[in-house]
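Read off the chains here:
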Amino acid sequence: MLTSVIIPTHNRRALVREAVASVLAQRGATFELIVVDDGSTDGSAAALEAEFGSALQVIRTPNCGVSAARNTGVARSRWEVIAFLDSDDTWLPDKLAVQVSFLSAHPEVEICQTEELWIRSGRRVNPRRRHRKPSGTIFEPSLRLCLVSPSAVAMRRTLFDRVGGFDESLPACEDYDLWLRIAVDTPVVLIDQHLVVKRGGHADQLSRRFWGMDRFRVRSLRRLLDAGRLDDDRRAAVQTVLEEKCAILAAGAARRGRHDEAGDYRRLAEAHA
């Protein structure tokens, strides 16, 4: 099976170079590598082309966000399996081969992910219990917290096309949104091998750029309720989590003196109760 690897990046010249190198070091897999430079101003694209040449394709776009960058990469790619790598993460050398082999052996599986090694500010850390990845039916466990990592995923193109890709209107939590739309009716299988190095702690992470990340998760939960795809049990689970997140956002807004906003979240929770 042939794989299209998509790396979105914005002003991460040093980090994206390491991400690219880790893809090109993959063993036992045939792939194309596409880097989408999302309006960088630090010379990332030119540096990658100068160092790696024809080993990758660099697409330059205006700065439209990570969702648009990933979707652009997929649209310009060719192969039947799609794998994403965030520009601040890296892969271990057998990552692609393990996942492609698994998908080849299990034609009924449309998406899988691997375990990760977590690095924060240059130091190895252990994920908390709540971050442990489930396998198979992951919809309800994923409602409160995103339990799928873009850098750990390999999926069939047919699945990506069917669910419609990343929502470009979301400035953050776009992965949470996509995985929930997938997990409504598609198992997400975990391959229990640590094949991704997930690096965090740097200042430009989206989780540091936006306050109240649950604002974006609430938008995703509302859309799930409005889409009409949920059975009674899953609808009830989504409503419960929506109420919880609205209560948190309302309390946070009230503490900041944003009483109108706090009222909006309380009314939203009541409307979906």
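Per chain, the residues get numbers from 1 upward, laid out in the order the sequence is written. Thresholds applied to this predicted model are a pLDDT of at least 70 for local features of residues and 80 or more for the giving and counting of side-chain atom pairs; totals over whole chains, interfaces and linings are not thresholded and use all residues. Side-chain calculation: all heavy atoms of the structure are included, whereas hydrogens and water are not.

Caption draft 1: Focus on the packing of aromatic side chains. Here is the rule: rings of Phe, Tyr and Trp (six-membered ring for Trp) pair when centre to centre is within 6.5 Å. Planes less than 30 degrees apart are stacked, more than 60 are edge-to-face, and the remainder are tilted. Considering all chains together, one arrives at four aromatic pairs under this definition. On the numbers, 5.4 Å between centres and 80° between planes, the contact of Phe84 with Phe166 is edge-to-face. In this pair, Phe84 sits in strand β4 (residues 81-84) while Phe166 sits in the loop between α5 (157-163) and α6 (174-183), placing the two residues 82 residues apart along the sequence. Each member of the pair, Phe84 as well as Phe166, is classed as buried. Between Phe166 and Trp179, the aromatic rings sit 6.1 Å apart at their centres with planes inclined by 80°, giving edge-to-face as the arrangement. With Phe166 in the loop between α5 and α6 and Trp179 in helix α6, this residue pair connects regions lying 13 residues apart in the sequence. Its relative accessible area of 3% is what places Phe166 among the buried residues. Given the relative accessible area of 3%, Trp179 is considered buried. Following the ring pairs from residue to residue traces out a cluster consisting of Phe84, Phe160, Phe166 and Trp179. The aromatic ring of Trp118 is capped on one face by Arg120, whose charged end is 4.9 Å from the ring centroid. In DSSP terms, a helix is any run of H or I states spanning at least four residues, a strand is any run of E spanning at least two, and both are numbered starting from the N terminus. For the exposure calls, accessible area comes from a 1.4 Å probe over protein chains only, and a residue counts as buried if that area is under 20% of its type's maximum, exposed if over 50%, partly exposed in between. A ring is considered to have a charge above it if a Lys NZ or an Arg CZ atom is located within 6 Å of its centre and within 35 degrees of its normal.

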